[in-house]
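Letter by letter, the chains look like this.
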Amino acid sequence: MRRAVCPGSFDPVTNGHLDIIGRASRLFDEVIVGVLVNQSKSGLFTVEERIEMLREVTASYGNVRVASFRGLLVDFCRAQRATVLIKGLRAVSDFDYELQMAQMNIGLAGVETLFMPTNPLYSFLSSSLVKDVAKWGGDVTPHVPDVVRDALKARLVPPPP
Ligand code: PNS
């Protein structure tokens, strides 16, 4: 079985993430979305909330599982019996750090990284940007699934002008 891991923070999942996960799900028998539990950085959403939203929006793919991990990504890959990581590249600016991580991960455990160019529709998109727009009352409907937009609305009350 060909299994790939799509790792990230997903705080929250955006349409850019979903595009990569969906395309990966057509290339592999199974895709495992790995949500990083980062003890040194508290997110807007808890890891459980992120997982719940990811499960809801990936359910229709049929071969996508969502799980959390802490520690090294390559250890998560080993535990999931996956030898490939899928990473989206939005722009050249993503490449420097991604290349370093890919080289480290292959050196650590022989885990390969495949880079997938982001759909140009989403090349400017990031979870941080979406949170900032939502915080100030902007409309994030084109950028995230409806369930995420509603969760952002419920979580973020725009500060007074
Ligand atoms: O969505 P993000 O925050 O850009 O994802 C970053 C992620 C989770 C892919 C990266 O931080 C990671 O792999 N963390 C796990 C710790 C690890 O394995 N570090 C060594 C990487 S070479």
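For the structure, check the block above.
Predicted model, so just to flag it, every value in this text is computed and none were measured.

Peer 1: Help me understand the sheet that holds strand β5 (residues 112-117) in this model?
Peer 2: Sheet strands line up and pair through hydrogen bonds in the backbone, either parallel or antiparallel. In spatial order, the strands read β3-β2-β1-β4-β5; together these five strands make up an open sheet with parallel pairing. The two strands at the open ends of the sheet, each matched to only one other strand, are β3 (64-69) and β5. Each strand of the sheet is rotated relative to its neighbour by a mean of 30°, with strand direction disregarded. Pairing of strand β4 (residues 84-89) with β5, which is carried by six bridges, proceeds in the parallel orientation. Bridge pairing in β5 links Leu89 to Pro117. Here helix α1 (residues 15-27) sits on the sheet and contacts β1 (3-8), β2 (30-36), β3, β4 and β5; the angle it forms with β5, its principal contact strand, is near 120°. Relative to β3, helix α2 (residues 47-58) is tilted by about 170°, and along the sheet it contacts β2 and β3.

Peer 1: Explain the pattern of salt bridges here, please?
Peer 2: For the structure shown, the criterion picks out 12 salt bridges. Linking Lys131 and Asp11 is a salt bridge whose minimum nitrogen-to-oxygen distance equals 2.9 Å. Note that Lys131 is positioned in helix α5 (residues 127-135) and Asp11 in the loop between β1 and α1, a separation of 120 residues in sequence. Here the salt bridges share partners, and the residues they tie into one network are Arg3, Glu30 and Arg65.

Conventions we followed
- Residues numbered from 1 in each chain as written.
- Predicted model: local features only at pLDDT ≥ 70, side-chain atom pairs only at ≥ 80, totals over all residues.
- Heavy atoms only, no water.
- Pairing = 2+ DSSP bridges.
- Helix = DSSP H or I, 4+ residues; strand = E, 2+ residues; numbered from the N terminus.
- Axes fitted to C-alpha atoms, helices over the stretch in contact; angles between N-to-C directions.
- Contact = heavy atoms within 4.5 Å.
- Salt bridge = Lys/Arg side-chain N within 4 Å of Asp/Glu carboxyl O.

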